[in-house]
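Results of the structural survey
Residues per chain, in single letters:
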Amino acid sequence: MGKRFEYDQVVYDQIVRDFKEMSKLTIDQLEILEEIITHPENKLSDEKMNLFLSNEERLDELEVIVSNEIVDTLVLHQPAATDLRMVISIQRIVLNLERIGDLVVNIVNFIDQMEEKTLPSKYAEPISVMLSICINMVKKALKSFEDLDKDYAIWAIKNDEVVDDLFRTSLKKIINRSQIQDDVKELFFEFVNVNNIISNVERIGDKATNIAEASIYYMKGIDLRHSDIDVDKID
């Protein structure tokens with residue numbers, strides 16, 4: 001992963017190991033969620049649900065561990081400019097990975113609150129499409145950082161607009177597929193849950209964009225947050 005610390009190889013290796021474990025666990029959680037949404041007829045086994053919950057606990061632990069490692073690095077080793085950019089970028093990515101984990105748990109909880117404790121198949125297709133793009137964004141954003149691949153980072157950033165468009169249209173599509181009958185109250189709460197699910201999926205896309213921006217910062221020293229820089233013009 002790019003240039004290694006010159007001052008302390010052991011510190012570098014530990015941060016990278018923990019960061020990679022956190023990245024893998026986040027992708028694992030997203031893929032479990034994708035399985036729940038894409039195949040709503042297949043409820044998670046107790047074994048898989050226990051794995052899901054265990055992964056979430058480990059993600060929370062790793063966020064604290066990596067943050068502490070980075071603080072120790074900054075205080076004790078005073079890294080050079082390039083290394084400093086890298087640890088700051090990792091810290092930004094780690095915070096977003098932990099938040100993605102929280103959003104995945106939120107979505108699973110919203111599904112569990114539904115009457116059948118599963119996402120109705122009539123809602124699954126538009127949400128599944130949106131989630132699939134978000135997962136690909138996260139994967140490419142992380143790969144851009146590991147491989148120093150600017151194009152992957154730019155792809156992830158630009159696809160956030162696609163996810164935003166899907167967010168605006170998915171709820172309308174779901175309502176059109178439904179037939180409002182007598183139990184309006186129950187249907188209303190169902191739509192609230194679906195909207196919450198869609199909203200959390202869209203926020204996963206936002207976090208993937210943040211990761212990609214941190215990757216660009218590490219590679220190029222350019223901070224894209226709250227800026228009007230055209231990503232296509234980044235050399």
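The structure we're discussing is the one just above.
Nothing here was measured: the structure is a model prediction, and the numbers come from that model.

What counts, and where the lines are drawn
Residues numbered from 1 in each chain as written. Predicted model: local features only at pLDDT ≥ 70, side-chain atom pairs only at ≥ 80, totals over all residues. Heavy atoms only, no water. Phe/Tyr/Trp six-rings, centres within 6.5 Å; stacked < 30°, edge-to-face > 60°. Helix = DSSP H or I, 4+ residues; strand = E, 2+ residues; numbered from the N terminus. Buried < 20%, exposed > 50% of the residue type's maximum accessible area, 1.4 Å probe, protein only. Expected span 1.5 Å × (residues − 1). Contact = heavy atoms within 4.5 Å. Bend = angle between axes of the 7 residues up to and from the residue.

The next subject is the packing of aromatic side chains. Tallying each qualifying case throughout the model produces 2 aromatic pairs. Here the aromatic rings of phenylalanine 19 and phenylalanine 145 are separated by 5.6 Å at their centres, their planes lie at 70°, and the arrangement is edge-to-face. Placement of the pair is phenylalanine 19 in helix H1 (residues 9-38) and phenylalanine 145 in helix H4 (residues 121-147), with a sequence separation of 126 residues. Phenylalanine 19 gets classed as buried once you look at its relative accessible area, which sits at 3%.

For helix H2 (residues 46-77), with 32 residues, the first-to-last C-alpha span of 45 Å sits near the 46 Å given by 1.5 Å per residue. Along H2, the residues classified as buried are Phe52, Asn55, Glu56, Leu59, Leu62, Glu63, Val66, Ser67, Glu69, Ile70 and Thr73. Lining the buried residues of H2 we find H1 and helix H3 (81-112). At the exit of H2 stands glutamine 78, carrying a positive phi of roughly 45°.

Let us look at H4. Look at H4: 38 Å from first C-alpha to last across 27 residues, which is about the 39 Å you get at 1.5 Å a residue. Within H4, the axis deviates most sharply at isoleucine 127, by approximately 30°. At the exit of H4 stands leucine 148, carrying a positive phi of roughly 55°.

Another aspect to go through is the environment of isoleucine 216. Along the polypeptide, isoleucine 216 turns up in helix H6 (residues 184-220). For isoleucine 216, a relative accessible area of 0% translates into the label buried. In sequence terms isoleucine 216 and aspartate 149 are 67 residues apart; their C-alpha atoms lie 8.8 Å from each other. Aside from chain neighbours lying at most four places away, what touches isoleucine 216 is Lys150, Ala153, Ile154, Ile157, Gly221, Ile222, Leu224 and Ile234.

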